[in-house]
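Inside the fold
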Amino acid sequence: MVGRITVRGPVAAACCVALLVVGPASVRAPILTRERGGPVWVGTWESPVATATANGCVDCTIRDVVHTSVGGRALRVRLSNVFGTAPLRVGHTTVALPAGGGTRVAPGTLRQVRFHGRASVSVAPGREAVSDPVHLRVPAAHDLFVTTYTPGYATPLSLHPIGLRRSLVVSGTDAADAVDSGLFPTVTHSGHIVSGVDVTGGGARGAVIALGDSITDGYRSTDGADHRWTDVLATRLARGPRPLAVLNAGIGGNRILIGGGSRGEPALQRLDRDVLSRPGVRTVIVLEGINDIHLAPRQRDPARITAGLAAIAARAHARGLRVVGGTLTPFAGCVYYSPSEELVRRAVNTWIRRSGTFDAVIDFDALVRDPADPRRLFPPYDSGDHLHPNDAGYAAMGNGVDLGAL
């Protein structure tokens, strides 16, 4: 329970996270396009929604903390009602920079967010709303407060379950202008409503987006530390004179072929919304398939998994994007592991390396496997569940990406 926000039955198993949720089986969001003659937008942060809260929130203010990959002179925010079952009314939204990385707003940085010139916006079920430009100089690799107030009756709120950030909640009042985040008494580790932030005027030449599951989502990395492999990659890419942004489209438990629950829609179904429509994307990194293998109902035919990966690559290529395939990392010792699943993983990895489907391949398997037993994660990289890397393992993944492949 988070204030009046409830996600039904969170269950953290040895190798996965499962949540029972409400929401339609299939939803769509609009494709975002560059405005003719307007600014060139690049996504700097993304957190794709995967499910919805069970009962919503009445008169609730939520302060989400997001972390930019590239900076800009102006920004816009994306609010999501993709998994809502009723119109979502957002009455007040603000953005601000934190002071010294703390809980207070840095003086002079609080900005009001408008939608078609208005403070409030109603987002239809299955849709997203993109704000007007907000003039605020946003640094790269910096935290940003995005605060939303949802007045009136409760409606299920679309969310990203594995936030790895402490979002703050206060009920019964509009606190979007609050300077001190200490006024928010309740903490949640999921992200709500806010699914993306774009910037303009920062010199970024585009974005790399990572489509994946909990390993891309950063599950079991240190909370609040931005130690996902995509964060490590973003740091490396930010060092150049014209950096690339990095967007994280990972969802814990996500699969290529089957969706449902907190795992979100399957990658094939959410590809347009969460990846291909995002502004400035030039390259897609695909690291999906391990959950198709080890979560029930288990997929024992590698050809079905590779056909799904090929379809993802073909659709991204059709948009003119570069597509990089990531090999599936080892998971021997995980509670659901079996030798037959290992054979499927190896077959999929062989196809990824040799099929020529991708413009380049990142061999994540080779980066994190145990040299003494390639079926397993290298022990110094194992978070303890034998599936998800720890901070050191995620660092090895992010540092092992050949930047030339992007």
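Quick notes on the rules
- Residues numbered from 1 in each chain as written.
- Predicted model: local features only at pLDDT ≥ 70, side-chain atom pairs only at ≥ 80, totals over all residues.
- Heavy atoms only, no water.
- Pairing = 2+ DSSP bridges.
- Helix = DSSP H or I, 4+ residues; strand = E, 2+ residues; numbered from the N terminus.
- Axes fitted to C-alpha atoms, helices over the stretch in contact; angles between N-to-C directions.
- Parallel < 35°, antiparallel > 145°, perpendicular 65-115°, else oblique.
- Left-handed = near helix turned anticlockwise from the far one by under 90°.
- Contact = heavy atoms within 4.5 Å.
- Buried < 20%, exposed > 50% of the residue type's maximum accessible area, 1.4 Å probe, protein only.
- UniProt positions renumbered as here; feature names shortened; annotations may be inferred.
- 1 Å grid on protein atoms, 1.4 Å probe; cavity = no way out; pocket = protein on both sides within 12 Å on 5 of 7 lines; lining within 4 Å.
- Points joined across faces, edges and corners; volume = space filled by probe spheres on them.
- Nonpolar A, V, L, I, M, F, W, Y, C, P; charged D, E, K, R; others polar.
- Salt bridge = Lys/Arg side-chain N within 4 Å of Asp/Glu carboxyl O.
- Disulfide = S-S within 2.5 Å.
- Polar contact = N/O pair within 3.5 Å; in protein donor to acceptor, adjacent residues only side chain to side chain.

Glancing now at the sheet that holds strand β6 (residues 74-80). Strand order across the open sheet formed by 4 strands is β3-β17-β6-β11, with antiparallel pairing between neighbours. Unpaired on one side and paired on the other, β3 (42-46) and β11 (128-130) mark the two borders of the sheet. Adjacent strand axes in the sheet meet at a mean angle of 20° when their direction is disregarded. Inspection of the sheet shows β3 paired to strand β17 (residues 194-200) by 4 bridges, in the antiparallel sense. What sits directly across from G43, in β17, is D198.

A word on the sheet that holds strand β5 (residues 60-67). Think of a sheet as strands paired side by side through backbone hydrogen bonds, with each pair either parallel or antiparallel. Read across the sheet, 6 strands follow the order β9-β8-β12-β5-β14-β15 without closing on themselves; strand pairing throughout is antiparallel. For this open sheet the edge positions go to β9 (111-112) and β15 (186-188), each flanked by a neighbour on one side alone. Note: β5 against strand β12 (residues 143-150), 8 bridges, orientation antiparallel. Within β12, the position partnered with D64 by the bridge is V146.

All right, on to the packing of helix α2 (residues 229-237) against helix α8 (residues 391-399) then. Following both chains from N to C, one finds α2 and α8 inclined at 45°, their axes separated by 7 Å at the closest point. As judged from the angle between their axes, α2 and α8 are oblique. Taken as a pair, α2 and α8 cross one another with a handedness that is right-handed. Between α2 and α8, the residues in contact are W229, V232, L233 and R236 and Y394, A395, M397, G398 and N399, respectively.

Of all residues except glycine, most have a negative phi; of all peptide bonds, most are trans. The omega angle of the peptide bond from A296 to P297 is -5°, so this bond is cis rather than trans. With respect to the helices and strands, the residue P297 is situated in the loop between α4 (290-294) and α5 (302-318). The phi angle at H116 is positive, at roughly 55°, despite the residue not being glycine. Mapped onto the fold, H116 is located in the loop between β9 and β10 (121-123). Of note in the backbone geometry, H386 takes a positive phi value of approximately 70° without being a glycine. Locating H386 in the fold gives a position in the loop between β24 (373-377) and α8. Judged by relative accessible area, which is 29%, H386 ranks as partly exposed.

Here we take up the UniProt feature "domain: SGNH hydrolase-type esterase" (unreviewed entry) in the chain. UniProt records the feature "domain: SGNH hydrolase-type esterase" (unreviewed entry) at residues 210-396, using the numbering of this structure. Secondary structure content for residues 210-396 is 39% helix and 17% strand, and the end C-alpha separation is 16 Å.

Once that is clear, we can look at empty space enclosed by the protein. As enumerated under the stated definition, the model contains 4 cavities of 30 Å³ or more in all. Estimated volume of the largest cavity: approximately 60 Å³. Considering the residues around the largest cavity, the lining is formed by C57, P87, L88, R89, T150, P151, Y153, T155 and L157. Residues belonging to the lining of the largest cavity are distributed by class as follows: 6 nonpolar, 2 polar and 1 charged.

Quick look at α2 now. In terms of residue burial, α2 counts as a mostly covered element, since 8 of its 9 residues are buried. Taken as a whole, α2 has its buried residues at W229, T230, D231, V232, L233, A234, R236 and L237. On its buried face, α2 is in contact with β18 (207-212), α1 (214-217), β19 (245-250), β20 (281-287), α7 (364-368) and α8.

Counted under the stated rule, the structure contains 28 salt bridges. R319 is the partner of D272 in a salt bridge, and the nearest nitrogen-oxygen pair spans 3.7 Å. Placement of the pair is D272 in helix α3 (residues 267-276) and R319 in the loop between α5 and β21 (322-326), with a sequence separation of 47 residues. In this structure D272 comes out as partly exposed when scored by relative accessible area, which is 29%. One network of salt bridges, with partners in common, ties together E342, R345, R346, R353, D363, D365 and R369.

Turning next to the state of the cysteines. Taken as a whole, this structure holds 1 disulfide when the rule is applied. Disulfide pairing is shown between C57 and C60; the S-S distance is 2.0 Å. One disulfide, between C57 and C60, carries an S-S torsion of 75° and so falls in the right-handed class.

Right, let's get into the side chain of S69. When you line up the elements, S69 lands in the loop between β5 and β6. Residue S69 is classed as buried on the basis of its relative accessible area, which comes to 6%. There is a polar contact of 2.7 Å between the side chain of S69 and the backbone oxygen of T44. A distance of 3.2 Å separates a polar side-chain atom of S69 from the backbone nitrogen of V246. Not counting residues within four places of it along the chain, the set of residues in contact with S69 comprises T44, A140, A141, A234, A238, A245 and V246.

This part is about the pairing of β20. Burial analysis of β20 places 6 of its 7 residues in the buried class, which makes it a mostly covered element. Pairing between β20 and β21: 4 bridges, direction parallel. Bridge pairing links V286 to G325 in β21.

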